[in-house]
Amino acid sequence: MSRFFSNGILTFCTVCLLTAGGAFVANAQDIGGRRPEIPRSLEDSLKKQVAYLASEEMKGRKAGSAEEKLAAKYVYDFMQDLGAIMLSPSDGDDFGFANPITGDTLSSRNIVGIIPGYDPAKNGEFILLGAQLDGPGYEDLSIDGQLRRRIFPGAYSNASGVATLLQVAALVARNKFMFPRSVIFAFFGAGNLSQAGSWYFLNRSFKDVDKIKFMVDVNCVGRDSGPNEFQAFMGLPDKAILKDIFTVSESPFSLNVKIAEKEPVGADYRNFHSLDIPFTLFTSGYSNICGTIHDTPDKIDYLRLLQTVEFVYTYSLVLASKESFEKSSSEETEDGRIYSQAEVDKRAMFMKGDERTFLKDWVYHYVKYPDSAIAAQTEGTEVAEITVDKNGKVSGVKITTSLSDDIDKEVIKVLKASPRWTPAEINGRKVPVKISLAIEFRLAQGTKFGIKK
């Protein structure tokens, strides 16, 4: 939805995430009583990416090989085209390691890019999304005196996770105005060899490890048969993490997620866990095709992989928007506490929707683009905070990122005039919540639409 004012456009983009082929709903909410359309183009992109990464040309992307380097360059180019700030060179942040089996010294590489958050108060904190870049490789055998090569394509392990993360990155880049915290996308080399790439990243390469608030690992996804149901693993049970997972999984049309009590597959999250960084591993679990010649692109369920993209994207948005990462308990009854939307059992609702509905049906409907801002060519993202109290009344309106004084006044006026919300609840008890809103002001020249005054 867009609102046009003279030569100014006030845009609203939070209900749907535009892709090359259609609309992709951020949290799988049922918009307007119908199931959100999943664009064919995104499914096709996933198929092409898995097909390339698991092609015969890539020879299983063995750690330390020229083919792993090719995969790294492919990922780098994709992330750079999205406009991500790349923290590694085009052929990867390379590191040496000893092969624990042969003792040979090999060189592998990580590809790391960052999409900055919009909130100056929080964009120095990071949500890291990681996937293992390398695959099982190949082996050379002598059969009847002839040298034969068997390639293990690694479509499920872990071209599926890399492709998922690339499409999540595309959605985050397109909708970065919704992410207060910065999001790091890390594709780790040498995952099949003791997760050497993630160890190197945490201990040698990245200086601000203490600013990583949460790690999301995606490994072996896109199968839906027998034991390979979609699952989440977080180590020891954590109520705060469980609440965030269920916030996403309980949305209409979302994937059902099983909470795994034991480690389903080994992955790079282990190195983050060793540094007490909270994590969630998303996986479809170990499969008997892993590390075999049968791990080919046709074994992937691409509709399930598409749903995994949606789930991981929405989960990342929940994490990036949290008020804090202190372990919380719904048993707290401290007077005066203001919660975040991610902490409550029932979120504060506006007209049977959440803050996206509030932006679409209230803010963008009534706010005006000030003449002074149009004359000064002022555009960008205005960020405001509101508190919805336990009676559903909007209060505590505050501008946290200002574009101009006149825009501030206009936004505050519209937010203060909000109708009552349905208040948030914890254990059936109504509680106040603080909500951050990103409001886009964009200018367009020569529009044919009239002025809103």
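How each quantity is defined
Residues numbered from 1 in each chain as written. Predicted model: local features only at pLDDT ≥ 70, side-chain atom pairs only at ≥ 80, totals over all residues. Heavy atoms only, no water. Core = buried A, V, L, I, M, F, W, Y, C linked by side-chain atoms within 4.5 Å. Buried < 20%, exposed > 50% of the residue type's maximum accessible area, 1.4 Å probe, protein only. Contact = heavy atoms within 4.5 Å. Phe/Tyr/Trp six-rings, centres within 6.5 Å; stacked < 30°, edge-to-face > 60°. Helix = DSSP H or I, 4+ residues; strand = E, 2+ residues; numbered from the N terminus. Lys NZ or Arg CZ within 6 Å of the ring centre and 35° of its normal. Expected span 1.5 Å × (residues − 1). Axes fitted to C-alpha atoms, helices over the stretch in contact; angles between N-to-C directions. Parallel < 35°, antiparallel > 145°, perpendicular 65-115°, else oblique. Left-handed = near helix turned anticlockwise from the far one by under 90°. Nonpolar A, V, L, I, M, F, W, Y, C, P; charged D, E, K, R; others polar. Salt bridge = Lys/Arg side-chain N within 4 Å of Asp/Glu carboxyl O.

## Re the nonpolar core
Note on soluble globular proteins: their nonpolar side chains tend to be buried together.
Then, in step 1: Membership of the largest hydrophobic core comes to 70 residues, with the highest contact counts inside it found for Met79, Leu129, Phe185, Phe187 and Tyr315.
Then, in step 2: Ignoring anything within four residues of it in the chain, the contact list for Phe185 reads Met79, Ile111, Val112, Gly113, Ile115, Leu129, Leu165, Val168, Ala169 and Val172.
Then, in step 3: In terms of nonpolar packing, the next biggest core, distinct from the first, is built from 32 residues, Val344, Val367, Val397 and Ala424 among them.

## Describing the packing of aromatic side chains
Then, in step 1: Enumeration according to the criterion identifies 21 aromatic pairs in this entry.
Then, in step 2: For the ring pair Phe358 and Trp421, a centre distance of 5.0 Å and an interplane angle of 55° mean the geometry is tilted. Of the two residues, Phe358 is situated in helix α8 (residues 355-366) and Trp421 in the loop between α10 (405-416) and β19 (424-426); the sequence distance between them amounts to 63 residues.
Then, in step 3: By the ring-pair criterion, three or more aromatic residues cluster together here, those being Phe214, Phe230, Phe282, Phe311, Tyr315 and Phe325.
Then, in step 4: Taking NZ or CZ as reference, Arg149 lies 4.1 Å from the ring centre of Tyr138, over its face.

## Considerations on α10
Then, in step 1: Relative to the 16 Å expected for 12 residues at 1.5 Å per residue, α10 spans 16 Å between its end C-alpha atoms, a close match to the ideal helical length.
Then, in step 2: Along its buried surface, α10 packs onto α8, α9 (371-375), β17 (380-388), β18 (394-401) and β21 (433-443).

## Quick word on the environment of Ile374
Then, in step 1: Along the chain, the position of Ile374 falls in helix α9.
Then, in step 2: Judged by relative accessible area, Ile374 falls into the buried class, the value being 9%.
Then, in step 3: Spatially, the C-alpha atom of Ile374 lies 9.7 Å from that of Phe441, the residues being 67 residues apart in sequence.

## So, the packing of α8 against α10
The description of two helices packed together rests on the angle between their axes and the distance between the axes.
Then, in step 1: α10 packs onto α8 with a crossing angle of 125° between their chain directions and a minimal axis gap of 9 Å. The angle between α8 and α10 falls in the class oblique. Here the hand of the crossing between α8 and α10 comes out right-handed. Within the contact between the two elements, α8 uses Phe358, Trp362, Val363 and Tyr366 and α10 uses Glu410, Val414 and Leu415.
Then, in step 2: Of the residues that constitute the contact of α8 with α10, the class distribution is six nonpolar, no polar and one charged.

## A closer look at the pattern of salt bridges
Side chains that differ in sign of charge can pair as their charged atoms come close.
Then, in step 1: If you walk through the whole model with that rule in mind, you get 19 salt bridges.
Then, in step 2: When the shortest N-O distance is used, the salt bridge between Glu343 and Arg337 registers 2.6 Å.
Then, in step 3: The class of Glu343 is buried, set by a relative accessible area of 9%.
Then, in step 4: The shortest N-O distance in the salt bridge between Asp354 and Arg356 comes to 2.4 Å.
Then, in step 5: Here Asp354 falls in the buried class, since its relative accessible area comes to 9%.

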